[in-house]
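# Residue-level structural notes
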Amino acid sequence: MLKFDNVSMRYPGAGDVLRNVSFHLERGEMAFLTGHSGAGKSTLLKLIAVIERCTRGRVLLDGENLNQAKDRQVPYIRRKVGLIFQDYKLLQDRTVFDNVALPLVIAGYGHHEVSRRVRASLDKVGLLGKEKKYPLVLSGGEQQRVGIARAVVNKPPLIVADEPTGNLDPELSAEIMHLFEQFQQVGVTILIASHDISLIAQMNHRILKLDHGQLVAS
Amino acid sequence: MKQVNKKPGKQEPRWQTKISGGNFVDKFHAYRNLHAHALFSSLGRLVASRFSSAMTITVLAIAISLASGFYILVANLQQLAGNLEASNQISLFLKDEISEARANKFANTIRQNPDIQDVKVITKEQALAEFQTYSGFGDAVKALEKNPLPVVIQVLPKNSLKNELVLETLLDDFKRSTEVDFAQMDMQWVKRLQSIMDVARCGVTILSLLLGAGVLFITANTIRLELHNRRDEVVIAKLVGATNSFIHRPFLYGGFWIGFFSGVAAWFIVTTIMLILKQPIERLSGLYDDGFHVLFLGFTETLALLVISSVLGVVGSWIVLHFQLRQLKPE
Ligand SMILES: Nc1ncnc2c1ncn2[C@@H]1O[C@H](COP(=O)(O)OP(=O)(O)O)[C@@H](O)[C@H]1O
Ligand SMILES: [Mg+2]
């Protein structure tokens, strides 16, 4: 599903942020990406969403080399990757419904189909009935659930989350992680960056560990 | 041998770049949904910020109505001058001592001329009455002891007599007549009017270009602000897979709405002004020709007005999108 093949990444002016990173995530696998702050976790995830491109090596998604993707193809790659962020990245002036609907509207779905899928997605994250609310009146945990609902509404084969529980207390964090496990059970591939060692240790999943840009355990 | 048809570097990644859905009908529906979304969301944005939208549209409408107002004013004057152009009438102001009887006799001799189509004698009394009606000096004229106006003979040469030289000769003949004090061809001031009209038309063109550029940049600036306010939205939409077209569309439609509504408002402004000016213009024109009707913005002109303002709106926002949105990347 997702394969890193000797990937190196360097920002102009900075040194190598990733060095010869290689790993392979099977379809339906769930893995954590850990490492100290500044280890290169976010950078690695950005390569998957083609927010950045690697300087050496290959990132393969579904067997396709992301480095060769043309700019006009990038939006369609992103539709296959559900992105989840630490700060949720919700539109504050839009309702929960509109936020979750965005990927569907972008893909050109009609009103009824959008409505049906948004409801199904909100149901999965346990927020059915909050469609008309605005993100600001929701708790942090609920906002992140909206973010997750938006990421999965389009049924992407891969979910990539960057510190999804970074702003949440341990109890809520565990709930969110269990939510991810539920998606894994229906065959979605999941990669979660987190430095919450204790939380990761509780869960029985593969762990990729970055140290100064190098993969030291996988 | 497995990879025999996979030349390295040449293989094209198979990411679909088409709208979701397989068959043509699905694609058509997706396309329609995307445009409907952009159309209504841009209208919604306009309504949501109705105060600033109204101000922008008012400013644009004033600019557009200035251009189209001057255009229609010149078109009216043009029509007026056009009517006058047809008459190559000569006015003969007779000497004060010439009596009406002698004037009539003189008129009859002119009628004999095969080049002349019509001759009309305006008596001193008729001239005075006309002067009283139109000059606004009615009471002052009444106070005069003696009618100061001369008898006037209006000579209309045959229409075939278009040649200026022939007309000039005719005029010179009249000037030499003993009865005539002063002869004038109406043509001369019509010509002057024509050159004034040429200047006016040129002025309208320049004014329209300037105001059009103004409309373009005001729209561009409005869209730029809008883009700035929606920065987060643009970035998030890109992160969840929005194409550039998806990002552009609402702004282009937004520019369209601004231009279109400004055009509609400008039409109302111009039409109101023309309704107010209708009476004075028709009174003015009544002095020369009864066949004159005030021109309003016709169907074609209205259509052109709306199309041009809408296009200016779209182009204005396109310019901004072209130069600003490239810089807007996720992160
Ligand atoms: N846009 C950028 N330009 C230059 N350097 C960057 C940029 N983004 C991140 N970095 C650097 O790359 C390193 C890894 O950053 P990041 O991937 O965010 O680490 P993590 O997410 O593991 O904390 C850091 O040293 C950071 O300073
Ligand atoms: Mg990070």
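The structure displayed is predicted, hence computed values, not measured ones.

## Comments concerning the overall build of chain B
Assigned secondary structure in chain B consists of ten helices and four strands. Taken from N to C terminus, the helices and strands of chain B fall in the order α-α-β-α-β-α-α-β-α-β-α-α-α-α. In chain B, which comprises 331 residues, the share counted as buried stands at 26%. Contacts in chain B between residues far apart in sequence, at least 24 positions, make up 83% of those at least 6 positions apart.

## Overview of the sheet that holds strand β5 (residues 64-65) of chain A
Strand order in the open sheet formed by four strands is β2-β1-β4-β5 (chain A), with antiparallel pairing between adjacent strands. Lying at the two open borders of the sheet, with one neighbouring strand each, are β2 (16-25) and β5 of chain A.

## A short note on the confidence of the model for chain B
Residue and element names in this part refer to chain B. On average, residues of chain B carry a pLDDT of 82, and 83% of them reach 70 or more. Within the model, pLDDT remains below 50 along residues 1-13, and this stretch shows six contacts once partners closer than five positions in the same chain are excluded. A low-confidence stretch, residues 17-21 (pLDDT under 50), is modelled with 14 contacts involving residues beyond four sequence positions or located in other chains. Model confidence for the complex is summarised by a pTM of 0.76, with the ipTM given as 0.93.

## Overview of the pairing of strand β3 (residues 152-157) of chain B
Strand residues, when the strand is regular, have side chains that alternate between the two faces of the sheet. All names here are of chain B. A one-sided burial pattern is seen for β3, the buried positions being I153, V155 and P157 and the unburied ones V152, Q154 and L156. The pairing of strand β1 (residues 90-94) with β3 spans four bridges and is classified as antiparallel. Bridge pairing in β3 links F93 to V152. Two strands pair when backbone bridges link them, and strand β2 (residues 116-122) and β3 are joined in this way by six bridges, in the antiparallel orientation. Among the inter-strand pairings, I116 is bridged to a residue of β3, identified as P157.

## A short note on the interface of chain B and chain A
Counting residues at the interface gives 25 residues for chain B, matched by 24 residues for chain A. Taken together, the elements giving at least two residues each to the side of chain B that touches chain A come down to α1 (24-48) and α8 (231-239) of chain B. Among the elements that line the side of chain B that touches chain A, the one with the most residues is α1(B), at six residues. Here the side of chain B that touches chain A is built from residues that sort into 13 nonpolar, eight polar and four charged.

## Regarding α1(B)
A rise of 1.5 Å per residue sets the reference length of α1(B), with its 25 residues, at 36 Å; its end C-alpha atoms lie 35 Å apart and thus fit the reference within 8%. Among all positions of α1(B), only B:N33, B:L34, B:H37, B:A38, B:S42 and B:L46 are buried.

## Re the nonpolar core
Side chains that are nonpolar tend, in soluble globular proteins, to be buried together. Counting 110 residues, the largest nonpolar core has A:L33, A:I48, A:L83, A:A149, A:I159, A:V160 and B:A237 as its most contacted members. Of all the elements, helix α9 (residues 244-286) of chain B adds the most residues to this core, at twelve residues. When neighbours within four sequence positions are excluded, B:A237 is seen to be in contact with A:L102, A:I106, B:A242, B:F246 and B:I247. If you look at the next biggest cluster of nonpolar residues, it comprises twelve residues, including B:L92, B:L94, B:A103 and B:I153.

## Some remarks on the environment of B:L156
Residue and element names in this part refer to chain B. Relative to the assigned elements, L156 resides in strand β3. Judged by C-beta crowding, with 16 C-beta atoms within 10 Å, L156 ranks as partly exposed. Considered as a pair, L156 and L34 are 122 residues apart in the sequence and their alpha carbons are 68 Å apart. When sequence neighbours within four positions are dropped, the list of residues in contact with L156 reads Q89, Q117 and D118.

## Regarding the sheet that holds strand β9 (residues 206-211) of chain A
All names here are of chain A. Within the open sheet, the six strands sit side by side as β6-β7-β8-β3-β9-β10. Their pairing is mixed. The two strands at the open ends of the sheet, each matched to only one other strand, are β6 (81-84) and β10 (214-217). Taken over all neighbouring pairs, the strand axes of this sheet differ in orientation by 25° on average, direction set aside. Pairing of β9 with β10, which is carried by three bridges, proceeds in the antiparallel orientation. Looking across to β10, one finds that D211 is bridged to Q214.

## Concerning unusual backbone geometry
Residue and element names in this part refer to chain A. Despite not being glycine, Y88 has its phi angle at roughly 65°, a positive value. Mapped onto the fold, Y88 is located in the loop between β6 and α3 (96-107). At E163, a position not held by glycine, the phi torsion is positive, near 45°. Assignment of secondary structure puts E163 in the loop between β7 (158-162) and α6 (170-185). According to the C-beta neighbour criterion, E163 is buried, with 20 such atoms within 10 Å.

Thresholds applied
- Residues numbered from 1 in each chain as written.
- Chains lettered and ligands numbered in written order.
- Predicted model: local features only at pLDDT ≥ 70, side-chain atom pairs only at ≥ 80, totals over all residues.
- Helix = DSSP H or I, 4+ residues; strand = E, 2+ residues; numbered from the N terminus.
- Buried ≥ 20, exposed ≤ 12 C-beta atoms within 10 Å, placed from the backbone.
- Contact = placed C-beta atoms within 7 Å.
- Pairing = 2+ DSSP bridges.
- pLDDT = per-residue confidence, 0-100.
- Nonpolar A, V, L, I, M, F, W, Y, C, P; charged D, E, K, R; others polar.
- Expected span 1.5 Å × (residues − 1).
- Core = buried A, V, L, I, M, F, W, Y, C linked by C-beta atoms within 7 Å.
- Axes fitted to C-alpha atoms, helices over the stretch in contact; angles between N-to-C directions.

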